[in-house]
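# Structural overview for review
Chain residues, written in single-letter form:
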Amino acid sequence: MMTPPAADDDLVSAGQWLESNATIVEQWLKRHASAEFRRRVQEAAADARRVSVAPDLFQRWLVHPPAVRPRRDLEAMEEDELFMELIRDVANELDIDVLCHKILRNVSLLTRADRGSLFLARGAGDGRYLVAKLFDVRHDTSLEEAVKMAKAEEIRIPFGVGIAGTVAKNKILINITDAYNDPRFSSDIDLKTGYKTNSILCMPICNYEGEVIGVAQIINKTNDSQEFTPHDVEVFRRYLTFCGIGIQNAQLFEVSVLEYKRNQILLNLARSIFEEQNNLECLVTKIMREAQDLLKCERCAVYLMDLDCGEANHLERILERPGRIIRRHAPLNRVESGSVTAEDMRVSGLKTPCSFTTIFELRDGGSNTLVSRPSSFDLQCSTLAQIASFAASTGQILNIGDVKTWLSEQHSEGDAESARTILCMPILNGQRNLIGVAQLINKENGAPFTDCDVSLFEAFAIFCGLGIHNTQMYENACKLMAKQKVALECLSYHATASNDATEKLIKEDIPSAETYNLYSFTFIDFELSDDDTCKATIRMFLECNLVQQFHIPYEVLCRWILSVKKNYRPVKYHNWRHALNVAQTMFAMFKTGKMERFMSDLEMLGLLVACLCHDLDHRGTNNAFQTKTESPLAILYSTSTMEHHHFDQCVMILNTDSNNIFQVGGFSFRFQERNFRSVSYRFRCDNLDLFQALSTEDYRRVMKLVETAILSTDLAMYFKKRNKFLELIENGEFDWQSDDKKDLLSGMMMTACDVSAIAKPWEVQHRVAKLVADEFFDQGDMEKMQLKEQPIAMMDRERKDELPQMQVGFIDVICLPLYRVLSETFPWVKPLYQGTLENRKHWQDLAEKVEMGLTWIDHDTIDKPVEAFADTEETKDIELTVQTLHTAPACQQLPPLGHKLKQKKKMLICYIKDGFFYKQKREEEQNGDA
């Protein structure tokens, strides 16, 4: 046994002692070594192994100590033997970092060089360049130090520049004895490190095809020689020939490892698609995080388009002809930012603007996910959205290497101010239909996105498209199941109008608009029979000239009106008569309010249809109730639940045989008026003509208008649009012809008509308010019974006395602001504002009486006045406070005692009749002693 080495012995002696006493070392490690020491030994072994597939010299020394000799033994070898040993050292190494480190150390050993650097070739064509893999590595530089030094500062040398660049470009060897006298030499590194470079030997590294894959450079001899000898050059050349093969193998292995990782990520992504197919937001977020992690970018976003183009497409899909050819998206093309300009993007956006309905953004390293549903205005103001829109409209993969330069001074950077590089890619579904755009922003290393990144992102986009398509199909399946339940429920209750009822209405005379008072904002339907309500509806269509203008068959119009009427449930307020009142107010706004000046005939037709259908199949309960009870409607529509259902019912009726007043293929009636000068007239059929009622474009427009108008009756939508409408008015907007502004105006008109009962004469408003309250109270009762919840105040029957004050609040928050701005902009609709103001006074008066202890309504009818001195038992249900005024002024002289006086007693009598308050002052004279 050898004596343990002293502290001043070198590492070789220590290694020899450890090899000779391996058993003792093993026993000591197991029994006596500290945990910290064992941990350090394990880490050192792990660092040495790295990710090599085959064991390197250090690993073989751990497993088979005699296989490799210590460095002192290597130096003692003959040159040929040493050469072969060093070749074996790198032959099986597949870790590119470890391989390059070994090459430089071994080359320094063979040529007695002081230090060396190794550059690897990157890029293609004229853009090829060298990147320093390891730089200034000495024979005693550890791998960790070398890698850390290389990563601290990236050194990039174009082909043909400097000594290494010249070697790479010309495939020549350069041997320089005096570096500072060579113009190709740069002394920047020497100035930074304080080291002086004297001699340089630089040679290309080629693969088996003779292509340059790198450059090796060694500097300064260590054996007092001032230059590298021809023998050094020959050894250097022979060794690098083998090293070229090793580097190529390592690079291929690195690519295969990267591909393996990518495949694993894509497999995980595929697994995620099936795990998250019930939630689109979770799915897209997971895909973005995977893409962000693999491609090392700062931000990621997915822009989704509206595939259904709104609910108006329901009828179009139903009427879709079989065998229709579906356009498939062409294969994607890659476009670099140099081949297109920001001006191309702007022009493309003007020609074919893309409408993204949902944007998913991943920020802050993947920890923050933002989901937004932008408006068309938001998309126009977003530079990132415009870039995504350009990729969508052109179907091209857009790789922008320098965003600021690409946008140029003519285009505002906007929300792209922090973007340096952008990669945009269209997303296609399984049918190769465009459904969105994926966007990556800023590589973490500051470099542009490479071709490798584009290929990988393309794979991600494919998975993203398949995942979104899967999820949408799953959601559609759930919606179809819910729709089926709703449809079965509707079909069991509703049906189209009968032929007998239609024939009867066709034969009826239609009274004039003046007979029904249709032009007035004070229209009342209480005295109209059900038949008269249908006739009044027909009269509005005739007065607007819609029947003649759009060639609507009279029979179809009559059947459609009767079907709409039949599809309203007999609830207390949201019934057919409410729809009639809303449509009449819209008619009055067109004619008396002169709003027809701002609307085309097609828009007037769509708005009247929307008014009549805006509450179809209303169940007497609101959206919140549907959500709380998890009804099929709530599953089918997550927002504006009832409004979407009303529009669906409208589409269903239009799709029923002989009910489509918009588009009836085949034959039409030519109408001829009769008794034009009399109070009433009707139409008869003279002959038949083949015609198309509406063009395809007009049909799309009117269906979209009906959808938007019906959805606008949701007060939640009203509050979203109101501020923008008020802003336009305040800015002095008078041009309402653009589509966005017309939609906004139509939405405000729909709300104004929907709540117009608040502007009716007080007697009508009071009676309607009780109908609304009764319907609300019925819902409150159901919430108590079914949900075991306490309803809100306006639906709580026990708090009905608070209704006057709630009506005042409703007027102040919703009605007056809307009617005020409408009357200021369109003066002819001022009666709505004035009527609302008048009714507010009445409701305020009732609210004050409630505060005094009066009950605003307890019975449907109370004819007998209730006086102050009535028996308490008879008036206990109605609490009235009566003030008597019979006190004399304090300064008045009192008559003598016993003097007979005539005393006047003033009394305020309050009574209720038909649900209305009445008050009457009464004076009585009474004789009495002074």
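In this report, we go over the structure that sits alongside the text. (Residues numbered from 1 in each chain as written. Predicted model: local features only at pLDDT ≥ 70, side-chain atom pairs only at ≥ 80, totals over all residues. Heavy atoms only, no water.)

### Considerations on the environment of Arg363
Tracing the backbone shows Arg363 in strand 9 (residues 356-363). On the basis of relative accessible area, Arg363 is assigned to the partly exposed category, the value being 29%. Once residues lying within four places of it in the same chain are set aside, the contact partners of Arg363 are Arg299, Asn368 and Leu370. (Helix = DSSP H or I, 4+ residues; strand = E, 2+ residues; numbered from the N terminus. Buried < 20%, exposed > 50% of the residue type's maximum accessible area, 1.4 Å probe, protein only. Contact = heavy atoms within 4.5 Å.)

### Focus: the packing of helix 24 (residues 576-591) against helix 25 (residues 601-613)
It is the contact of helix 24 with helix 25, at a shortest axis distance of 7 Å, that shows an interaxial angle of 155°. Taken together, the axes of helix 24 and helix 25 lie roughly antiparallel to each other. Considering how the two elements wind past one another, helix 24 and helix 25 form a crossing that is right-handed. Residues Trp576, Ala579, Leu580, Val582, Ala583, Met586, Phe587 and Phe590 of helix 24 pack against Met604, Leu607, Leu608, Cys611 and Leu612 of helix 25. Of the residues contributing to the contact of helix 24 with helix 25, the split by class is 13 nonpolar, no polar and no charged. (Axes fitted to C-alpha atoms, helices over the stretch in contact; angles between N-to-C directions. Parallel < 35°, antiparallel > 145°, perpendicular 65-115°, else oblique. Left-handed = near helix turned anticlockwise from the far one by under 90°. Nonpolar A, V, L, I, M, F, W, Y, C, P; charged D, E, K, R; others polar.)

### Examining the sheet that holds strand 4 (residues 174-176)
If you trace the six strands from one edge of the open sheet to the other, you get 3-2-1-6-5-4, paired in antiparallel fashion. Looking at which strands have only one partner, the edges of the open sheet turn out to be strand 3 (156-158) and strand 4. The sheet shows a mean angle of 25° between the axes of neighbouring strands, taken without regard to direction. Relative to strand 6 (residues 212-221), strand 5 (residues 200-206) runs antiparallel, the two being bridged by seven bridges. Bridge assignment links Leu201 to a residue of strand 6, and that residue is Ile218. In the packing of helix 7 (residues 96-111) onto the sheet, the strands contacted are strand 1 (113-122), strand 2 (129-138) and strand 6, and the crossing angle to strand 2 comes to about 55°. (Pairing = 2+ DSSP bridges.)

### So, helix 34 (residues 830-851)
The end-to-end C-alpha distance of helix 34 is 32 Å, a good match for the 32 Å that 22 residues give at a rise of 1.5 Å each. Looking one or two residues beyond helix 34, the residue adopting positive phi is Gly853, at roughly 110°. (Expected span 1.5 Å × (residues − 1).)

### Things to note about the pattern of salt bridges
Following the criterion strictly, the structure yields 33 salt bridges and no others. Among the ionic pairs, Asp232 bridges to Lys221, the shortest N-O distance being 2.6 Å. With a gap of eleven residues between them, Asp232 in helix 11 (residues 230-275) and Lys221 in strand 6 connect regions that are remote in the sequence. Residue Asp232 is classed as buried on the basis of its relative accessible area, which comes to 5%. With a closest N to O distance of 3.1 Å, Asp796 and Lys784 form a salt bridge. (Salt bridge = Lys/Arg side-chain N within 4 Å of Asp/Glu carboxyl O.)

### Concerning the packing of aromatic side chains
A full pass over the atoms with the stated rule returns eleven aromatic pairs. Judged by centre distance (5.1 Å) and plane angle (70°), the rings of Phe598 and Phe826 are edge-to-face. Of this pair, Phe598 sits in the loop between helix 24 and helix 25 while Phe826 sits in the loop between helix 33 (803-825) and helix 34, and the two are 228 residues apart along the sequence. Just as Phe598 is buried, Phe826 falls in that class too. Ring plane angle 50° and centroid distance 6.3 Å describe the contact between Trp736 and Phe826, whose orientation is recorded as tilted. Linking Trp736 in the loop between helix 30 (715-730) and helix 31 (739-754) with Phe826 in the loop between helix 33 and helix 34, this pair joins segments that are 90 residues apart in sequence. Both residues of the pair, Trp736 and Phe826, count as buried. Stacked on the ring of Tyr129, the Lys or Arg Arg156 has its end atom at 4.4 Å from the ring centre. Residue placement shows Lys196 over the ring face of Tyr180; its charged tip is 5.9 Å from the ring centre. (Phe/Tyr/Trp six-rings, centres within 6.5 Å; stacked < 30°, edge-to-face > 60°. Lys NZ or Arg CZ within 6 Å of the ring centre and 35° of its normal.)

### Quick word on the state of the cysteines
This structure, assessed with the given rule, holds zero disulfides. With no disulfide partner, Cys300 has as its closest neighbouring cysteine sulfur the one in Cys297, 5.5 Å distant. The buried category is assigned to Cys300, whose relative accessible area is 3%. The thiol of Cys611 is not disulfide-bonded; the next cysteine sulfur, from Cys753, is found 5.0 Å away. Of the residues examined, Cys611 reaches a relative accessible area of 0% and is grouped as buried. (Disulfide = S-S within 2.5 Å.)

### Brief notes about the pairing of strand 1
The element strand 1 is extensively covered by neighbouring structure, given that nine of its ten residues are classed as buried. Where strand 1 and strand 6 come together, seven bridges link them in antiparallel fashion. Paired with Arg115 across the strands is Ile219, a residue of strand 6.

### A short note on the nonpolar core
Taken as a class, soluble globular proteins show a tendency for nonpolar side chains to be buried jointly. One finds Phe541, Trp560, Val609 and Phe662 to be the most contacted residues of the largest nonpolar core, which totals 101 residues. Discounting residues that sit within four places of it in the chain, Trp560 has contacts with Phe541, Val609, Leu612, Cys613, Ile653, Leu654, Asn659 and Ile661. (Core = buried A, V, L, I, M, F, W, Y, C linked by side-chain atoms within 4.5 Å.)

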